[in-house]
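The primary structure of each chain is shown beneath.
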Amino acid sequence: MSIEVSNESGLDVSEEELISVARFVIRKMDVNPAAELSMVLLDTNAMADLHMRWMDLPGPTDVMSFPMDELEPGGRPDAPEPGPSMLGDIVLCPQFAEGQAKAAGHSLGHELALLTIHGVLHLLGYDHAEPEEEKEMFALQRQLLEEWVADQVEAYHSERQAEKDRRLLDTRFLDQP
């Protein structure tokens, strides 16, 4: 699985975290393991330009998705055939997301993880134009975010336990008071 991140936003953002959440969602959604994804982080001016050019809407937005291959049939786990190997591009605007994070009472990292999941789901054919679609997509988005966070917490605790075990078994520490 190849995921590339290009940060042109001017903000210091954890690219490793974005890759981690995207990889997690792609794996959970049973997308072909050879899938490729590109993520671009833009400042508000560049995002506003993109938003106007592609959506004919003024001002910046938080996330936009650009599928590379046609996703019919495939892409969604309930589709009869596997999805394409080149998923497409997700464009995030960290400055815009920062305001949303403050309003929601969580960190920018949390907001960007949520937006990454949202973007990947769009690339897989999910949408929220209709109320039923929105209900399905947002429930899945929430579930995936919760599972990813739980996975991160478990990995952190496993790493800490492994470090404790290494120290316990390290004979150098046996000689110290």
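Residues numbered from 1 in each chain as written. Predicted model: local features only at pLDDT ≥ 70, side-chain atom pairs only at ≥ 80, totals over all residues. Heavy atoms only, no water.

1. Re the overall build of the chain
Now for step 1: Secondary structure assignment for the chain yields 5 helices and 4 strands.
Now for step 2: Helices (α) and strands (β) of the chain occur, in sequence order from the N terminus, as β-α-β-α-β-β-α-α-α.
Now for step 3: The buried share of the chain, reckoned over its 177 residues, is 36%.
Now for step 4: For the chain, the share of sequence-separated contacts (at least 6 apart) that also reach a separation of at least 24 residues comes to 63%.
Now for step 5: Roughly 10,500 Å² of accessible area belongs to the chain as shown, and the carbon and sulfur atoms make up 51% of that amount. (Helix = DSSP H or I, 4+ residues; strand = E, 2+ residues; numbered from the N terminus. Buried < 20%, exposed > 50% of the residue type's maximum accessible area, 1.4 Å probe, protein only. Contact = heavy atoms within 4.5 Å. Areas by Shrake-Rupley, 256 points an atom, 1.4 Å probe, with all protein chains shown as cover.)

2. A word on the packing of helix α4 (residues 108-123) against helix α5 (residues 131-169)
Now for step 1: Two elements in contact, α4 and α5, have axes separated by 10 Å at closest approach and are oriented at 130°. Here α5 runs oblique to α4, going by the angle between their axes. In the packing of α4 onto α5, the handedness of the crossing is right-handed. Across the interface between the two elements, His 110, Ala 113, Leu 114, Ile 117, His 118, Leu 121 and His 122 from α4 touch Met 137, Phe 138, Leu 140, Gln 141, Leu 144, Leu 145 and Trp 148 from α5.
Now for step 2: A per-class count over the contact of α4 with α5 returns 10 nonpolar, 4 polar and no charged. (Axes fitted to C-alpha atoms, helices over the stretch in contact; angles between N-to-C directions. Parallel < 35°, antiparallel > 145°, perpendicular 65-115°, else oblique. Left-handed = near helix turned anticlockwise from the far one by under 90°. Nonpolar A, V, L, I, M, F, W, Y, C, P; charged D, E, K, R; others polar.)

3. Focus: the sheet that holds strand β1 (residues 2-8)
Now for step 1: Spatially, β1-β2-β4-β3 is the arrangement adopted by the 4 strands of the open sheet, whose pairing is mixed. One side of each edge strand has no neighbouring strand; the edge strands of this open sheet are β1 and β3 (63-67). The mean angle between the axes of side-by-side strands here comes to 15°, regardless of whether they run parallel or antiparallel.
Now for step 2: Note that β1 and strand β2 (residues 36-42) share 7 bridges and pair parallel. Note that in β2 the partner of Ile 3 across the bridge is Leu 37.
Now for step 3: Of the strands in this sheet, β2, β3 and β4 (86-92) touch helix α2 (residues 44-55), which is tilted by about 50° from β3. (Pairing = 2+ DSSP bridges.)

4. Some remarks on the pattern of salt bridges
Now for step 1: Inspection of every chain in the model, using the stated rule, returns 2 salt bridges.
Now for step 2: Between Glu 147 and Lys 28 there is a salt bridge, with the nearest N and O atoms lying 3.2 Å from each other. Of this pair, Glu 147 sits in helix α5 while Lys 28 sits in helix α1 (residues 15-28), and the two are 119 residues apart along the sequence.
Now for step 3: Since its relative accessible area comes to 26%, Glu 147 is described here as partly exposed.
Now for step 4: Under the relative-accessibility criterion, Lys 28 is labelled partly exposed at 43%.
Now for step 5: A salt bridge links Arg 53 to Asp 49; the nearest nitrogen and oxygen atoms lie 2.8 Å apart. Residue Arg 53 and its partner Asp 49 are both found in helix α2; the two are separated by 4 residues, about one turn of the helix. (Salt bridge = Lys/Arg side-chain N within 4 Å of Asp/Glu carboxyl O.)

5. Regarding the packing of aromatic side chains
Now for step 1: Going through the model one piece at a time under the given rule, you end up with 1 aromatic pair.
Now for step 2: On the numbers, 5.3 Å between centres and 70° between planes, the contact of Trp 54 with Phe 66 is edge-to-face. Taken together, the residues Trp 54 in helix α2 and Phe 66 in strand β3 connect sequence positions 12 residues apart.
Now for step 3: Residue Phe 66 is classed as buried on the basis of its relative accessible area of 17%. (Phe/Tyr/Trp six-rings, centres within 6.5 Å; stacked < 30°, edge-to-face > 60°.)

6. Notes on the nonpolar core
Now for step 1: By size, the foremost hydrophobic cluster in this structure holds 36 residues, and its most contacted members are Met 29, Leu 37, Met 39, Ile 90, Leu 92, Val 120 and Leu 121.
Now for step 2: Only β1, α1, β2, β4, α4 and α5 provide two or more residues apiece to this core.
Now for step 3: Each residue touching Leu 92, except ones within four places of it in the same chain, is listed here: Leu 18, Met 39, Val 40, Leu 41, Leu 42, Met 47, Asp 62, Val 63, Leu 112, Leu 115 and Thr 116.
Now for step 4: Formed by 8 residues, the second largest nonpolar core is a distinct cluster that contains Val 40, Met 47, Met 64 and Cys 93. (Core = buried A, V, L, I, M, F, W, Y, C linked by side-chain atoms within 4.5 Å.)

Limitation: the analysis is restricted to geometry and does not speak to function.
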